[in-house]
Amino acid sequence: MDSLIIEYDLCSPGQNYDELYKAIKSYSNWGHVTKSTWLIKTNDSCEKVRNNLLPHIDKNDRLFVGKLTGDAAWYNVLCGNDFLQQNL
């Protein structure tokens with residue numbers, strides 16, 4: 001399985017994150033890294049993950065999905081150090 005990073009900007013005021021969060025959490029192994037950054041482990045390609053998330057954002061929003069290499073540094077993340085150490 002690959003570790004993928006998901007980043008987004010929801011640009012409309014009052015945006016509802018619930019459906020996007022549900023879609024991200026549908027992957028069996030996920031962590032909420034920062035306010036708009038998540039890490040998932042999956043066999044899906046970056047393109048497939050992007051396509052799975054697109055129905056849950058507006059046309060003016062931004063979305064990035066990338067494969068992680070395992071080399072990272074962080075500070076004060078939401079998901080905790082253990083999650084990142086085990087999943088990068």
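Data block above holds the structure.
Remember, predicted model here, so these are calculated numbers, not experimental data. (Residues numbered from 1 in each chain as written. Predicted model: local features only at pLDDT ≥ 70, side-chain atom pairs only at ≥ 80, totals over all residues. Heavy atoms only, no water.)

## Details of unusual backbone geometry
So, point 1. For Asn76, which is not a glycine, the phi torsion comes out positive at approximately 55 degrees.
So, point 2. Considering the arrangement of structural elements, one finds Asn76 in the loop between β4 (62–67) and α3 (81–87). (Helix = DSSP H or I, 4+ residues; strand = E, 2+ residues; numbered from the N terminus.)

## Side note on the side chain of Ser3
So, point 1. Examined against the element boundaries, Ser3 turns out to sit in strand β1 (residues 2–9).
So, point 2. Looking at Ser3, its side chain comes within polar contact range of the main-chain oxygen of Asn87, at 2.3 Å.
So, point 3. Excluding anything up to four places from it in sequence, Ser3 contacts Ile40, Lys41, Gly66, Lys67, Leu68, Asn87 and Leu88. (Polar contact = N/O pair within 3.5 Å; in protein donor to acceptor, adjacent residues only side chain to side chain. Contact = heavy atoms within 4.5 Å.)

## A short note on the layout of surface pockets
So, point 1. When its volume is computed, the largest pocket comes out at roughly 160 Å³.
So, point 2. Considering only residue class, the lining of the largest pocket consists of 10 nonpolar, 1 polar and 1 charged. (1 Å grid on protein atoms, 1.4 Å probe; cavity = no way out; pocket = protein on both sides within 12 Å on 5 of 7 lines; lining within 4 Å. Points joined across faces, edges and corners; volume = space filled by probe spheres on them. Nonpolar A, V, L, I, M, F, W, Y, C, P; charged D, E, K, R; others polar.)

## Considering the pairing of strand β2 (residues 29–34)
So, point 1. With 5 bridges joining them, β2 and strand β3 (residues 37–42) adopt antiparallel strand pairing. When the bridges of β3 are listed, Trp30 appears paired with Ile40.
So, point 2. Linkage of β2 to β3, two consecutive antiparallel strands, is achieved through a turn of 2 residues. (Pairing = 2+ DSSP bridges.)

Keep in mind these values describe shape, not function.
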